[in-house]
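# Report on the structure
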Number of protein chains: 2
Amino acid sequence: MASIVLGMGNGRALFGDEQVPDKELIRLVDPEGLNISAFDLSVLRGDGIFEATTVWKGYPVSLENHLRRLAHSAALMDMPAPNIAAFTRAVDLVIAAYDDPEPGPLLRIIVSRGLDPETGVGRAADRVPTVFIFLDAKGALHEADPITMVSMTRGYPSDITTRAPWLLNGAKTLSYAFNCAVHRECDRRGVGDAVLFTEDGFTLECPNSSIVARYGDTFVTPDPSIGILNGTSQRELFAWAMQEGRTVEYRKLPIAELREADRLYMTHGGWVIPVNELDGRALEYDPAEIDAVNDAIHTGRTHDDALTIGPR
Amino acid sequence: MASIVLGMGNGRALFGDEQVPDKELIRLVDPEGLNISAFDLSVLRGDGIFEATTVWKGYPVSLENHLRRLAHSAALMDMPAPNIAAFTRAVDLVIAAYDDPEPGPLLRIIVSRGLDPETGVGRAADRVPTVFIFLDAKGALHEADPITMVSMTRGYPSDITTRAPWLLNGAKTLSYAFNCAVHRECDRRGVGDAVLFTEDGFTLECPNSSIVARYGDTFVTPDPSIGILNGTSQRELFAWAMQEGRTVEYRKLPIAELREADRLYMTHGGWVIPVNELDGRALEYDPAEIDAVNDAIHTGRTHDDALTIGPR
């Protein structure tokens, strides 16, 4: 039974127009094996991009928005543009090989810039992105249990992204050591996750999630132009809120205002998770609401609307 | 002929007290092969640390200081402490397998936190660091040709490192996407490299190098407590300067003052490289001085003194 499906992609077809048969587009390999070169730029430099979501009963949640964001990350990283149709087909092929009873395995799409041309092995190779895609029922799976949260500084002012694009703010890169460090800091403090803010006090995002605040009937999330990811699950939540007749807003959101929210939601990987405490202040949440929005997302009811929602 | 030597280390022996025979300490593998799991934290998260230096005619330049810095990075990353003696032996074994005529191949020591415990493959594994070491005569080798430079903001204020240790400033992590992006920005601007500064105008370091300014007979470098690496080659340069009767200083160095230096040196990987232009201002350099200091470093004359030099 395939509980973990790992496919090594054809970088030339996935980042170009070359038409190849399915079996040449993505090659399924033994997940327990060694499948990556030590000279790959993912290994040596964290120099690549990725996306992650849940596949719910065979349905890859928000896949189009994830692939659009992958293309956006690629542009910010001066990488070639991904072939969205080819990526979609490759994801379908990975899903087709999965047959574990777990309904919601995690899907990850990983792209590196290829072998490091500053190494002897990489210098001799073509500069083709390394791509792999995996579906995993045996690792950590998303849950919708309420989570406690603290706020921490990201160290940057809120105008840095326009002034210093080389910081790569807003790109979902493989250089996640900082994100991992924030989670270790959360463990030390005994909290579930963190929301980051700028030095001048504006809300950003969580290390691997977006944040949404609710004030009355209005759902608010920080505008991505501040230098954060354009949340995929956050847009599904906004789509749900609009379908329910609520208002949604993208704007600069002071962290002090976030602390005063009526409700807080952390969103990632196809899930909306209630936040029940921020910086020591308890927050209410409605388990029925959380179930309703996750069900709407997983059954595709928010999908089409989420494609058209955005900060502009 | 082994021009590229790649050894996969025994993480348990290299991060513990277990005594193992040489052939179990590091296993030489085919550099052209696939030697890393797709679920390794180096691949998925850039969650690891590294060091790089030149091996000059069999002599690994500044190896003790590199391994001490590896231990410092491990501590900042909440990783176990490396066994310095075991790492030294593993490096020796890699060097012993090298037999290319190139006198100065590049040595890299790479450590990741191991397989990702949030994946199914990683969850089933022990949490042992992944270690590999390679010596490479066929990739980019260091040169001492003069280089042009521009200054760019790092986006952080100069006091952020003490306030926000989760930013990992001062750790040499595998999350180098930002460093790579700075080099692409340099390419766009037609300059050789960049020196980074804080939002409040203090000099930091270059993406993969340290910076040293000379004013008369005084050599100055930024104090690492600002959140930068403790330069290994920079300490070799300081050792040389002291042997020549010059003065050395660690301090906060305004970027405006850096721009007024008499001479500028970029140091990395066992080399001192003259900077002949910063932000459009030409700088003089003395090729004989550069040759002298690199020769002193490569023949080990600065080695012992460099071990005792530091900001305190």
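Residues numbered from 1 in each chain as written. Chains lettered and ligands numbered in written order. Predicted model: local features only at pLDDT ≥ 70, side-chain atom pairs only at ≥ 80, totals over all residues. Heavy atoms only, no water.

## So, the overall build of chain A
Helix and strand counts for chain A come out as twelve helices and 14 strands. In terms of overall size, chain A behaves like a compact globule, its C-alpha atoms giving a radius of gyration of 19 Å where 312 residues would be expected to give roughly 20 Å. Dimensions of chain A, computed from the C-alpha atoms along their principal axes, are close to 55 × 45 × 40 Å. Considering chain A as a whole, with its 312 residues, one finds that 62% of them fall into the buried category. A sequence separation of at least 24 residues applies to 72% of the contacts in chain A between residues at least 6 apart. Total accessible area on chain A is roughly 11,600 Å²; 49% of this is exposed by carbon and sulfur atoms. Counting 29 positive and 45 negative side-chain charges, chain A places the centres of these two groups 4 Å from one another. (Helix = DSSP H or I, 4+ residues; strand = E, 2+ residues; numbered from the N terminus. Rg over C-alpha atoms; globule rule 2.2 N^0.38 Å. Buried < 20%, exposed > 50% of the residue type's maximum accessible area, 1.4 Å probe, protein only. Contact = heavy atoms within 4.5 Å. Areas by Shrake-Rupley, 256 points an atom, 1.4 Å probe, with all protein chains shown as cover. Lys, Arg positive; Asp, Glu negative; His and termini not counted. Charge placed at Lys NZ, Arg CZ, Asp CG, Glu CD.)

## Digging into the domain arrangement of chain A
By a frequent convention, interface size equals the accessible area lost on bringing the separate parts together. Residues and elements named next belong to chain A. Annotation of chain A at the domain level lists domain 1 (4–136) and domain 2 (147–308). Relative placement of domain 1 and domain 2: their C-alpha centres are 26 Å apart. Across the interface of domain 1 and domain 2, roughly 2,000 Å² is buried in total on both sides, 59% from carbon and sulfur atoms. The largest share of the area that domain 1 buries against domain 2 comes from Phe50, Asn65 and Arg69, three residues that together contribute 30% of it. For the pair domain 1 and domain 2, the number of links is zero salt bridges. The tally of links from domain 1 across to domain 2 stands at 13 residue pairs in polar contact (both at pLDDT 80 or more). Elements with a contribution of two residues or more to the side of domain 1 that touches domain 2: α3 (41–45), β3 (48–56), α4 (63–76) and β5 (106–112). (Domains from an automatic or database assignment. Buried area = accessible area lost by both parts, 1.4 Å probe. Salt bridge = Lys/Arg side-chain N within 4 Å of Asp/Glu carboxyl O. Polar contact = N/O pair within 3.5 Å; in protein donor to acceptor, adjacent residues only side chain to side chain.)

## With respect to the relation of the copies chain A and chain B
Note on the copies: chain A fits chain B at an RMSD of 0.0 Å, the axial shift is 0.0 Å, and the rotation between them is 180 degrees. On this basis, the relationship between the two copies can be described by a two-fold rotation axis. Most of the interface of chain A is mirrored in chain B, where 100% of its interface residues are also at the interface. (Least-squares fit on C-alpha atoms with pLDDT ≥ 70 in both.)

## Considerations on the pattern of salt bridges
Oppositely charged side chains may form a pair once their charged atoms are brought near each other. Counted according to the given criterion, the structure contains 40 salt bridges over all chains. Of the charged contacts, one joins Asp126 of chain B and Arg12 of chain B as a salt bridge, the two residues approaching to 3.2 Å between their closest N and O atoms. Here Asp126 of chain B is found in the loop between α6 (120–123) and β6 (130–136), whereas its partner Arg12 of chain B is found in helix α1 (residues 11–14), with 114 residues between them in sequence. Exposure remark for Asp126 of chain B: the relative accessible area of 54% places this residue in the exposed category. Measuring nitrogen to oxygen at the nearest pair gives 3.2 Å for the salt bridge that ties Arg188 of chain B to Glu185 of chain B. Placement of the pair is Arg188 of chain B and Glu185 of chain B together in helix α8 (residues 177–189), with a separation of three residues, close to one helical turn. Accessibility expressed as a relative area gives 12% for Glu185 of chain B, which makes it buried. Where salt bridges share partners, they join Asp78 of chain A together with Arg184, Glu185, Arg188 and Arg189 of chain B into one cluster.

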